[in-house]
Amino acid sequence: MLGKRISVGVAAVAGAFALTACGSTGSAPAPAANGSTGAGAAAAPAPAGQAAPAAAKTSGTPRCTTADLSVSLGKPEEKSPGQYDLPLTYRNTSDHPCALHGVPGVDLVGPDEPTFGPVYHLPRVDNGVKDNEVTPGTTASATVTVLTPAEGGASWTPAELTTIPPGQTQPLSVKWPADLPVLRQDATTHPGSYVNGILADPA
């Protein structure tokens, strides 16, 4: 009797393994690599010292170098009382497409201000596109926002704007409007002057 029970039990276990091997339409999806389930799960960050997985790359196009670009500064437009936006436009002057995204470095260079010196380093606001290919002859722009001094306040007018494209070390320069003074707020936590991220220009 005992031998018969053991035989029945072995047969039941063998049948369960056979069902598992064949699969089932009602089974749960396999966990993702990071332990989450479903197609919408985010990929785990790469460990320190390792490159991110290929799927995390936004573009295979190399970044625009400073040598690939020219720069121009558009007319200021009043954003709010005393605060102005100026489009800072980069043009791809090379013969190949390149990627231009992120926040450029921007310095306003002018007279030697007694407290802060001749250079105003503008804070950066990362609010631009994450991926952007610029073909030869086309452009992309970042907006420079500046706060002007109150009437009767200390006046400081830059002579030029110097910018370093994202991912580069060499600068480009463009003349600053002679009639647009800037309020120096170098030590302020939330200044009214800053540079925004690059946006793709309309085709």
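Since we're looking at a predicted model, the values are computed, not measured.

Novice: With reference to specific residues and values, describe the overall build of the chain.
Specialist: Along its length, the chain carries 1 helix and 12 strands. The secondary structure elements of the chain, listed N-terminal to C-terminal, are α-β-β-β-β-β-β-β-β-β-β-β-β. Relative to its full complement of 203 residues, the chain shows a buried share of 33%. Look at the contacts in the chain between residues 6 or more apart in sequence, and 72% of them connect residues 24 or more apart. When the accessible area of the chain is evaluated, it comes to approximately 12400 Å², of which 59% is carbon and sulfur surface.

Novice: Tell me about the side chain of Gln83, residues and numbers included.
Specialist: In this structure, Gln83 sits in strand S3 (residues 83-92). Looking at Gln83, its side chain comes within polar contact range of the main-chain oxygen of Gly192, at 2.8 Å. Among residues more than four places away in sequence, those in contact with Gln83 are Glu77, Glu78, Thr145, Val146, Leu147, Gly192 and Tyr194.

Novice: Explain the state of the cysteines residue by residue, including any values.
Specialist: Inspection of the entire model under this criterion finds 1 disulfide. Sulfur-sulfur distance for the disulfide between Cys64 and Cys98 comes to 2.0 Å. Linking Cys64 and Cys98, the disulfide has an S-S dihedral of approximately 85 degrees and is accordingly described as right-handed. One end of the pair, Cys64, is in the loop between helix H1 (2-22) and strand S1 (69-73); the other, Cys98, is in strand S4 (residues 98-99), and 34 residues separate them in sequence.

Novice: Quick one: what's the story with the nonpolar core, residue by residue and with numbers?
Specialist: Within the largest apolar cluster, 28 residues are counted, with the highest numbers of intra-cluster contacts made by Leu88, Leu100, Leu108, Val146, Leu161 and Trp176. Secondary structure elements with two or more residues in this core: S1, S3, strand S5 (105-113), strand S9 (139-147), strand S11 (172-175) and strand S12 (194-200). Sorting elements by how many residues they give to this core places S9 first, with 4 residues. Setting aside chain neighbours within four positions, we find Leu161 in contact with Leu73, Leu88, Val106, Asp107, Leu108, Val144, Leu172, Ser173, Val174 and Trp176.

Novice: Give me the lowdown on the sheet that holds strand S10 (residues 160-164), citing residues and values where you can.
Specialist: Ordered by their spatial adjacency, 4 strands build an open sheet running S6-S5-S10-S11, and the pairing between neighbours is antiparallel. Of all the strands in the sheet, just strand S6 (117-121) and S11 have a single pairing partner and so form its edges. Pairwise comparison of adjacent strand axes, ignoring direction, gives a mean angle of 25 degrees for this sheet.

Novice: Can you tell me about the confidence of the model for the chain, naming the residues and giving the values?
Specialist: Mean pLDDT over the chain: 79, with 70% of residues reaching 70 or higher. Confidence over residues 1-58 falls short of pLDDT 50; this stretch has 14 contacts with residues more than four positions distant or in other chains.

Novice: Please give an account of the pairing of S10 that cites residues and values.
Specialist: Bridge analysis of S5 against S10 gives 5 bridges, and the strand direction is antiparallel. Each residue of the ladder has a partner; that of Val106, found in S10, is Thr163. Here S10 runs beside S11; their pairing, made up of 4 bridges, is antiparallel. Looking at S11, one finds that Thr162 is bridged to Ser173.

Novice: Go over the pairing of S6 with me, naming the residues and quoting the values.
Specialist: Alignment of S5 against S6, held across 4 bridges, turns out to be antiparallel. Looking at the pairing, Val109 lines up with Val119 of S6. Counting the residues in the hairpin turn of S5 and S6 gives 3 residues.

Novice: Talk me through the pattern of salt bridges; I want residue IDs and the actual numbers.
Specialist: Here the structure, examined in full by the defined rule, presents 2 salt bridges. Across the salt bridge formed by Arg184 and Asp186, the nearest N and O atoms sit 2.9 Å from each other.

Calculation rules
Residues numbered from 1 in each chain as written. Predicted model: local features only at pLDDT ≥ 70, side-chain atom pairs only at ≥ 80, totals over all residues. Heavy atoms only, no water. Helix = DSSP H or I, 4+ residues; strand = E, 2+ residues; numbered from the N terminus. Buried < 20%, exposed > 50% of the residue type's maximum accessible area, 1.4 Å probe, protein only. Contact = heavy atoms within 4.5 Å. Areas by Shrake-Rupley, 256 points an atom, 1.4 Å probe, with all protein chains shown as cover. Polar contact = N/O pair within 3.5 Å; in protein donor to acceptor, adjacent residues only side chain to side chain. Disulfide = S-S within 2.5 Å. Core = buried A, V, L, I, M, F, W, Y, C linked by side-chain atoms within 4.5 Å. Pairing = 2+ DSSP bridges. Axes fitted to C-alpha atoms, helices over the stretch in contact; angles between N-to-C directions. pLDDT = per-residue confidence, 0-100. Salt bridge = Lys/Arg side-chain N within 4 Å of Asp/Glu carboxyl O.

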